[in-house]
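As a plain string of letters, each chain reads:
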Amino acid sequence: MKTPLELALSCPKAELHVHIEGTLEPELAFALARRNGIALPHADIDALRAAYDFADLQSFLDLYYACADVLRTEADFHDLMLAYLQRARADGVVHAEIFFDPQTHTARGIPFETVLRGLEAGAAEAREAWGMSTQLILCFLRHLPETDAEATLEAALPFIDRIHGFGLDSSERGHPPAKFARVFERCRALGKPVVAHAGEEGPPAYIVEALDVLKVARIDHGVRASEDPALLDRLAREAMPLTVCPLSNVRLRVFEEMREHSLPALLARGLVVTLNSDDPAYFGGYLGNNLRAVQQAFDFDAATWKTLLGNSFRASFIDPARRAAWLAEVERHFA
Ligand code: ADE
Ligand code: ZN
């Protein structure tokens, strides 16, 4: 008889909150630095890994943007995507909705198309080899002005059919969702679903703004909703998915320990919670390690795991027929 964790690990699942730049492992970072003839700010792999000791979101972002400098060519983005999907597959991921931050690259003179073509090439290889499906979600950097996001949307327009949706990431505090009201309206007018990071470090009011002003289809993180009972009621009533990233939240000190995480409270309120890895190269592991850490803290039963993994498909943007087929698979897996 399998334990609830074994059942969860072997169950087919979707990942809905992963930043492709956050899957850059130190080994690949140094290999790409060598290939491109550039230096990283750390002497070697061990020194870089030793720097993964974060006080908050900003201290992580500073290193994350610095490391992204090794990504220069289409081949680099291909290798990054393929490496992520290979690791995700080992954790039972069959479908991934993947964030990318074009502004991090276009600001360094790398064409939007280079980034997109590389990521797509890696995804195509994983689809052919392993049958994995992927969707790309373009994230705007919220520490930059809305006009920069508008320019990024313009750069994306020639490729709009290849971009599934839009998101909002980077430094949350001081950059409320409403700062991006106009550009998100344009994204929605293009017929694209939109999502936003909210209530990670920022207050519950940012979650409300993401819902009311940006009209998001999912909240990324949203773990601070637990501080606002009225908001919890609303999220439950609207069946608004939260893409929760447990290891990220502990590594970035949103919660000091996993046992203090709001995940059980969110589940108890009946919210559509999904589990995700965020920036797995930096936060101690991919989706499987997130499941292990959660189980160690909370000892969930098989029914709770079935709900969480079913939610990964319920909250996804895959077409309804494939969603129903994967949900039936989850049902069979736990039967
Ligand atoms: N970009 C990459 N990871 C992020 C996170 N956890 N929060 C906000 N922006 C991010
Ligand atoms: Zn994130």
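Everything numeric here is computed off the predicted structure, so don't read it as measured data.

Calculation notes
- Starting afresh in each chain, residues are numbered from 1 along the sequence in its written order.
- Whichever chain is written first is A, and whichever ligand is written first is 1; the rest continue in order.
- For a predicted model such as this one, the threshold for reporting local features is a pLDDT of at least 70, and the threshold for listing and counting side-chain atom pairs is 80 or more; totals across whole chains, interfaces and linings nevertheless cover every residue.
- Excluding hydrogens and water, the side-chain values take into account all heavy atoms of the structure.
- Only when DSSP finds a minimum of two bridges between them are two strands counted as paired.
- The helix count covers DSSP runs of H or I at least four residues long, the strand count covers runs of E at least two residues long, and both are numbered beginning at the N terminus.
- A fitted line through C-alpha atoms serves as each axis, taken over the contacting stretch for helices, and the angle formed by two N-to-C directions is quoted from 0 to 180°.
- Here, a salt bridge means any Lys or Arg side-chain nitrogen found within 4 Å of an Asp or Glu carboxyl oxygen.
- The classification of residues rests on relative accessible area computed with a 1.4 Å probe and restricted to protein chains. Under 20% of the type maximum is buried, over 50% is exposed, and intermediate values are partly exposed.
- By this rule the span expected of a helix is its residue count minus one, scaled by 1.5 Å.
- By definition in this entry, angles of less than 35 degrees are roughly parallel, angles greater than 145 are roughly antiparallel, angles of 65 to 115 are roughly perpendicular, and the rest are oblique.
- A clockwise turn of the near helix away from the far one marks a right-handed crossing, whereas an anticlockwise turn of less than a right angle marks a left-handed crossing.
- It only takes one pair of heavy atoms within 4.5 Å for two residues to be counted as in contact.
- Under this grouping Gly is polar, as are all residues other than the nonpolar Ala, Val, Leu, Ile, Met, Phe, Trp, Tyr, Cys and Pro and the charged Asp, Glu, Lys and Arg.
- Proximity criterion: a residue is near a molecule or strand once any of its heavy atoms comes within 4 Å of it.
- Under the rule applied, a polar contact is a pair of N or O atoms within 3.5 Å (in protein, one hydrogen donor and one hydrogen acceptor; residues adjacent in sequence only if both atoms are side-chain atoms).
- Residue-level accessible areas treat just the shown protein chains as cover; the underlying method is Shrake-Rupley with a 1.4 Å probe.
- Points on a 1 Å grid over protein atoms alone make up a cavity when a 1.4 Å probe fits among them but cannot get out, and a pocket when they form an open set with protein on both sides within 12 Å along at least five of seven lines; lining residues each have an atom within 4 Å of a point.
- In this scheme, a molecule is assigned to a cavity or pocket if more than half of its atoms are within 2 Å of the grid points.
- Grid points are joined across faces, edges and corners, and a volume is the space filled by probe spheres set on the points.

**Student:** Explain the sheet that holds strand 8 (residues 273–275) to me, please; I cannot follow it from the model alone.
**Tutor:** Sheets are built from strands that pair by backbone hydrogen bonding, the pairs being arranged parallel or antiparallel. Taken together, the 4 strands give an open sheet; going across it, the order is 5-6-7-8, and neighbouring strands pair in parallel fashion. Only two strands of the sheet have a single neighbouring strand rather than two, namely strand 5 (195–198) and strand 8. Ignoring which end each strand starts from, the neighbouring axes of this sheet average 30° apart. Pairing of strand 7 (residues 242–244) with strand 8, which is carried by 3 bridges, proceeds in the parallel orientation. Note that in strand 8 the partner of L242 across the bridge is V273.

**Student:** I keep staring at the pattern of salt bridges and nothing clicks. Help me out?
**Tutor:** Between side chains of opposite charge, a pair can form when the charged atoms approach closely. Within this structure, the stated rule accounts for 21 salt bridges. A salt bridge links R72 to D69; the shortest N-O distance between them is 3.1 Å. With relative accessibility at 27%, the residue D69 sits in the partly exposed group. Taken together, the shared-partner salt bridges connect E25, E27 and R49 into one network.

**Student:** Teacher, can you tell me more about helix 16 (residues 302–314) here?
**Tutor:** It helps to recall that an α-helix has 3.6 residues per turn; residues three or four apart then point in one direction. With 13 residues, helix 16 should reach 18 Å at 1.5 Å per residue; the first-to-last C-alpha distance of 18 Å fits that figure. Residues of helix 16 that are buried include every one of W305, L308, L309, G310, N311, S312 and F313, and no others.

**Student:** Would you mind showing me how to read the packing of helix 16 against helix 17 (residues 320–334) here?
**Tutor:** The relative placement of two packed helices is expressed as an angle between their axes plus a distance between the axes. Packing of helix 16 against helix 17 brings their axes to within 9 Å, and their N-to-C directions diverge by 165°. Put simply, helix 16 runs roughly antiparallel to helix 17. Helix 17 is crossed by helix 16, and the crossing has right-handed handedness. The residues of helix 17 that touch helix 16, namely those facing A302, W305, K306, L309, G310, F313 and R314, are R323, W326, L327, V330, E331 and F334. Its residues placed into classes, the contact of helix 16 with helix 17 shows 8 nonpolar, 1 polar and 4 charged.

**Student:** Is there a simple way to think about the site of ligand 1 in this case?
**Tutor:** Near ligand 1, the surroundings consist of H19, L57, F60, L61, Y64, D169, S170, H197, E200, H221, D278 and D279. H19 places a side-chain nitrogen or oxygen 3.4 Å from a nitrogen atom of ligand 1. Here S170 contributes a backbone N or O atom positioned 2.8 Å from a nitrogen atom of ligand 1. With the chains in place, 100% of the 260 Å² that ligand 1 exposes on its own is no longer accessible. Of the pockets mapped on this structure, ligand 1 occupies the largest cavity. A total of 4 residues in the shell around ligand 1 trace back to one element, the largest contributor, which is helix 4 (residues 57–67). A class-by-class count of the residues in the shell around ligand 1 yields 4 nonpolar, 4 polar and 4 charged.

**Student:** Honestly, the environment of D101 in this entry has me stumped. Any pointers?
**Tutor:** Structurally, the position occupied by D101 is in the loop between strand 2 (93–100) and helix 6 (102–106). Here D101 falls in the buried class, since its relative accessible area comes to 0%. Distance in space between the C-alpha atoms of D101 and F313 is 24 Å, their sequence separation being 212 residues. At 2.8 Å, the side chain of D101 and the side chain of Y64 are in polar contact.

**Student:** Hey, could you run me through empty space enclosed by the protein in this one?
**Tutor:** Over the atoms, a rolling probe the size of a water molecule traces out where space has been left empty. All chains considered together, the criterion is met by 2 cavities of 30 Å³ or more. In this structure, the largest cavity occupies an estimated 100 Å³ of space. Around the largest cavity, the lining comprises 15 residues; the ones closest to its centre are H19, L57, L61, H197 and D279. No other element matches the 5 residues that helix 4 contributes to the lining of the largest cavity. Along the lines of polarity and charge, the residues of the lining of the largest cavity split into 6 nonpolar, 4 polar and 5 charged. Reported here for the second largest cavity is a volume of approximately 30 Å³. Around the second largest cavity sit K13, A14, L275, L287, L291, L309 and S312, which together line it. At the level of elements, strand 1 (13–19), helix 15 (287–298) and helix 16 are the ones that each hand at least two residues to the lining of the second largest cavity. Class assignment of the residues belonging to the lining of the second largest cavity gives a composition of 5 nonpolar, 1 polar and 1 charged.

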